[in-house]
Amino acid sequence: MSEEFPEPEDRRQEPSDSEHPDAPSVSTDRAQLLASHLRSIIADGSETPRPPRVMLMAFEGWNDAGGAASAAIRAVASALDAEVMEKLTEEEYYDFQFSRPKIIRNQGHREIIWPSTTILRAEVSGGDFELLFVHGVEPSFRWQSYTADLLTKAAEYDVDAVVLVGALLADVPHTRPIPASFSAEDETLQEAIDVDAPTYEGPTGIVGVLAHTAYQAGIPAVSLWAAVPHYVGQAPSPKAQLAVMRKLEELLGFGVDTGEVAEDAAAWERGVDELAEEDTEIGEYVKRLEEATDTTNLPEATGDAIAEEFERYLKRRRPPES
């Protein structure tokens, strides 16, 4: 039985290009807006000018449907050759009967891997940002202390903004682009990068707690949520992972090779297609979801939407600068 997840903190379902292998890998517009906004904040201080430093966070557990959020963060960090800076391993944060340690073989020796939170740093050549990554397991206990520890680490690393990444189970069909969208509580940040305020009310996970606490602490915080089809919500969910990776590229302007994940996403979709063909009940349910999604998205087929899509196409085909 799949675990129930809360709705995203932004209920809008923004279409993603994740089902197209040749979709644009980098969109610099929003990235440039974010970089400009953060530079203006940095410039207000007395520090020497430097690229804005952004910390991306994702956590295995309740806010990680299909493992999509944590898989995306790990994949981007790996693609950018991020190096481990430190690990938070405090035992008081975890119930080891729930988040169990794992035994692995490492160079012929058995090793126990305990639940922890890892902080990594990546140097992005020619990018607008310096990036740090946080990947961990959602804590079982002492959330307020855990949140304070992480945001203290962000301050120690002179982080200028945080990006919280989550994935949720939703009534969306696997045959359509995975909905993924941004939100932010800070009105100035909303205007700067053209995102909406979160509207979700209800139970939340560590992603929601960190986003709100960062905002209260005066740290610019952006939330990114992807919707995973609930009838195939188990991990892995490569199509949702790909949607998250491409939205992160849009927000932060980096480029990573998503070819392998795109192939996995296509294979995953074919597998679910076969499941829907074999199970009449699932097949009919998918058709109803497709009809509802297509009806909802019809107003987007406007002149402005077509113009925006053509502009993305031109950027995708634009030759690299010499």
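To be clear, the structure that these remarks concern was listed above.
First, a word on scope: everything that follows refers to the structure included in this document. Treat the numbers as computed from the prediction; the structure is a model and nothing was measured.

The rules behind the values
Residues numbered from 1 in each chain as written. Predicted model: local features only at pLDDT ≥ 70, side-chain atom pairs only at ≥ 80, totals over all residues. Heavy atoms only, no water. Salt bridge = Lys/Arg side-chain N within 4 Å of Asp/Glu carboxyl O. Helix = DSSP H or I, 4+ residues; strand = E, 2+ residues; numbered from the N terminus. Buried < 20%, exposed > 50% of the residue type's maximum accessible area, 1.4 Å probe, protein only. Phe/Tyr/Trp six-rings, centres within 6.5 Å; stacked < 30°, edge-to-face > 60°. Pairing = 2+ DSSP bridges. Axes fitted to C-alpha atoms, helices over the stretch in contact; angles between N-to-C directions. Expected span 1.5 Å × (residues − 1). Contact = heavy atoms within 4.5 Å. Polar contact = N/O pair within 3.5 Å; in protein donor to acceptor, adjacent residues only side chain to side chain. Left-handed = near helix turned anticlockwise from the far one by under 90°. Nonpolar A, V, L, I, M, F, W, Y, C, P; charged D, E, K, R; others polar. Patch = residues over 30% accessible without salt bridge, like charges linked within 9 Å, V, L, I, M, F, W, Y side chains within 5 Å. Areas by Shrake-Rupley, 256 points an atom, 1.4 Å probe, with all protein chains shown as cover. Arc of directions from axis to C-beta.

**Side note on the pattern of salt bridges**
Note that side chains of opposite charge can pair when their charged atoms are close. Scanning all chains against the criterion turns up 13 salt bridges. We note a salt bridge from arginine 74 to glutamate 60, for which the minimum N-O separation is 3.6 Å. One end of the pair, arginine 74, is in helix H2 (residues 68–79); the other, glutamate 60, is in strand S1 (residues 53–60), and 14 residues separate them in sequence. Accessibility expressed as a relative area gives 40% for arginine 74, which makes it partly exposed. You can call glutamate 60 partly exposed: its relative accessible area is 29%. Among the charged side chains, a network of salt bridges with common partners joins Arg30, Lys247 and Glu250.

**Observations concerning the packing of aromatic side chains**
Scanning the model with the defined rule gives 4 aromatic pairs in all. A ring pair is formed by phenylalanine 59 and tyrosine 146, whose centres lie 6.2 Å apart and whose planes are at 70°; its orientation type is edge-to-face. On the criterion of sequence distance, the pair formed by phenylalanine 59 in strand S1 and tyrosine 146 in helix H3 (residues 143–156) is long-range, its members being 87 residues apart. Residue tyrosine 146 is classed as buried on the basis of its relative accessible area, which comes to 1%.

**Examining the sheet that holds strand S5 (residues 117–122)**
Judged by pairing direction, the sheet is mixed, and its 7 strands sit side by side in the order S2-S5-S6-S1-S7-S9-S8 without closing on themselves. Each edge of the open sheet is held by one strand with a lone partner, namely strand S2 (83–88) and strand S8 (180–183). Across the sheet, the mean angle from the axis of one strand to that of its neighbour is 20°, orientation sign disregarded. As paired strands, S5 and strand S6 (residues 130–137) are joined by 6 bridges and run antiparallel to one another. Pairing of leucine 120 across the sheet is with phenylalanine 133, part of S6.

**Observations concerning helix H8 (residues 280–297)**
With 18 residues, H8 ought to run about 26 Å at 1.5 Å a step, and its terminal C-alpha atoms sit 26 Å apart, in line with that. The elements touched by buried residues of H8 are helix H7 (259–278). In this structure aspartate 279 caps H8, since a side-chain oxygen of it lies 3.0 Å from the backbone nitrogen of glutamate 281.

**Brief notes about the side chain of threonine 117**
Within the fold, threonine 117 resides in strand S5. With relative accessibility at 0%, the residue threonine 117 sits in the buried group. Polar contacts involving the side chain of threonine 117 include one to the side chain of tyrosine 146, which spans 2.6 Å. Those residues in contact with threonine 117 that lie beyond four places of it in its chain are Glu86, Lys87, Leu88, Tyr94, Val134, His135, Gly136, Tyr146 and Leu150.

**Here we look at the pairing of strand S7 (residues 161–170)**
For a regular strand, side chains alternate in direction, first toward one face of the sheet and then toward the other. Counting buried residues along S7, 10 of its 10 residues qualify, which places the element largely inside the surrounding structure. Of the two faces of S7, the one holding Ala161, Val163, Val165, Ala167 and Leu169 and the one holding Val162, Leu164, Gly166, Leu168 and Ala170 are both buried throughout. Both S1 and S7 contribute to a ladder of 4 bridges, which runs parallel. Each residue of the ladder has a partner; that of methionine 55, found in S7, is valine 162. Examined bridge by bridge, S7 and strand S9 (residues 221–229) share 9 bridges and lie parallel to one another. Bridged to valine 165 within S9 is leucine 224.

**Side note on the packing of helix H6 (residues 238–252) against H7**
Two elements in contact, H6 and H7, have axes whose closest approach is 8 Å; the angle formed by their N-to-C orientations is 145°. You can see that H6 and H7 cross each other, and the crossing is left-handed. Between H6 and H7, the residues in contact are Pro238, Lys239, Gln241, Leu242 and Met245 and Val261, Ala262, Asp264, Ala265, Trp268 and Glu269, respectively. Residues that form the contact of H6 with H7 fall into these classes: 7 nonpolar, 1 polar and 3 charged.

**Quick look at unusual backbone geometry**
In the segment running from alanine 235 into proline 236, the intervening peptide bond is cis, with an omega of 0°. Structurally, proline 236 is set in the loop between S9 and H6. Located in the positive-phi region is arginine 142, a residue other than glycine, with phi close to 50°. Despite not being glycine, aspartate 158 has its phi angle at roughly 55°, a positive value. Relative to the assigned elements, aspartate 158 resides in the loop between H3 and S7.

**Considering a nonpolar patch on the surface**
A surface patch of nonpolar side chains, about 320 Å² in accessible area, is lined by Ile103, Ile112 and Trp114. For tryptophan 114, the position within the fold is in the loop between strand S4 (109–113) and S5. Looking at tryptophan 114, the relative accessible area reads 46%, which means it is partly exposed.

**Quick notes on the packing of H7 against H8**
Where H7 meets H8, the closest approach of the two axes is 5 Å, and the angle between their N-to-C directions is 115°. The segment H7 lies against H8, with Leu275, Ala276 and Glu278 engaging Thr280, Ile282 and Gly283.

**Quick notes on H3**
Taking 1.5 Å of rise per residue, the 14 residues of H3 would be expected to cover 20 Å, and the 20 Å separating its terminal C-alpha atoms lies within 8% of that figure. Taken together, the buried positions of H3 are occupied by Tyr146, Thr147, Leu150, Leu151, Lys153 and Ala154. Seen end-on, H3 carries its buried residues on one side only, within an arc spanning 150°. The exposed set on the far side of H3, more than 90 degrees from its buried face, consists of Gln144, Ala155 and Glu156. The secondary structure elements touched by the buried residues of H3 are S1, S2, S5, S6 and helix H5 (206–216). Taken from the residues just after H3, aspartate 158 is the one with a positive phi, measuring 55°.

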